Amino acid sequence: MPEMIEKKKRAKKQSEFLRVMKQLSKNKIAMLGLILLVLECLLAALAPYIAPYHYAEMDLTSAFSTPSANHLFGCDDMGRDIFSRILYGGRYSISIGIIAVMISVAFGMVIGALAGYFGGKIDNILMRILDVIQAIPGMLLMIVISAVLGPGFFNTIIALSVSSISGMARMLRAQMMKERDNEYVEAALSINCSKGRIIFSHLIPNCISPLIVQATMGVAQTITMAAGLSFIGLGVQPPLPEWGAMLSSARQFIRQSPHLVIFPGLAIAVTVLALNLLGDGLRDALDPKLKN
């Protein structure tokens, strides 16, 4: 009997996944965002094989070179190939966005699930802690954490993830409070399911759709914030080719050689656009009103 129930659950999850993907595939704008995102991830992953130069390779005779056949996006003030640095930089910028959001979703899911399901004192304590965190503006909180921990790849991820936990937790809490009084929860209680099983096997799968959309768009916002931290010197540090760090290094040459700023800025803009298009499509695909 338990095996049959598990098989039915797996079949239902699979059919729901296929329904979402089918609905998403009908949205051409969302598919464009997905294609752009996949393409950028592939280019970043294959950077050592695609990039014509190493990101740290310098040729001072080519400093400030404009785009040409030898250097598609030109060279920076140290003669480093901008195209190669953007390809390698995608590894840092995109991975920072994804990892930071994954951490914030994991912690936010646990906090939101506990607060939403149990309510009462647990809810009050957890929400008041989140109130204190949210009382500090997000960018200011990231700057403070980065200043305390110091600049760097992993410290930037920590700063970005901490500032996003509150929003994720509150969203899941609201969904949990809607779902916890449904009949399937009462049925699970009647057969002595543990509270942990009810929360993580029954409630969270039914509450996670808005969180997926929020996380997708959150990656775009996190990439922008990471670029902002690097721009003010608190994120990933040179010579690593993170896109925000590239903008920071090039800002003093913006009039003399605008291509130093244009191409990293375009890389950030295209990535954020792709994620927002995909997020909009996922929101529509996961909307229960569109199931029929």
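The preceding data block contains the structure.
This structure is a prediction, so every number in the text was calculated from the model and none was measured.

1. Quick look at the pattern of salt bridges
Argument step 1. Enumeration over the complete set of coordinates arrives at six salt bridges.
Argument step 2. Between D123 and R173 there is a salt bridge, with the nearest N and O atoms lying 2.7 Å from each other. Remark: R173 occurs in helix α7 (residues 153-179) and D123 occurs in helix α5 (residues 120-134); sequence separation between them is 50 residues. R173 shares its class with D123; the two are buried.
Argument step 3. Across the pair D280 and R283 runs a salt bridge, and its minimum N-O distance is 3.5 Å.

2. So, the side chain of S230
Argument step 1. Within the secondary structure layout, S230 lies in helix α10 (residues 209-231).
Argument step 2. With a relative accessible area of 3%, S230 lands in the buried category.
Argument step 3. What S230 contacts, discounting residues up to four positions off in sequence, is G235, V236, E242, G244, A245 and S248.

3. So, helix α6 (residues 138-149)
Argument step 1. With twelve residues, α6 extends 17 Å between its outermost C-alpha atoms, agreeing within 8% with the 16 Å of an ideal straight helix rising 1.5 Å per residue.
Argument step 2. L141, M142, I145 and S146 are the residues of α6 that are buried. End-on view of α6: buried residues confined to an arc of 130°, all on one side of the axis. More than 90 degrees from the buried face of α6, the exposed residues found are A147 and V148.

Criteria and thresholds
Residues numbered from 1 in each chain as written. Predicted model: local features only at pLDDT ≥ 70, side-chain atom pairs only at ≥ 80, totals over all residues. Heavy atoms only, no water. Salt bridge = Lys/Arg side-chain N within 4 Å of Asp/Glu carboxyl O. Helix = DSSP H or I, 4+ residues; strand = E, 2+ residues; numbered from the N terminus. Buried < 20%, exposed > 50% of the residue type's maximum accessible area, 1.4 Å probe, protein only. Contact = heavy atoms within 4.5 Å. Expected span 1.5 Å × (residues − 1). Arc of directions from axis to C-beta.

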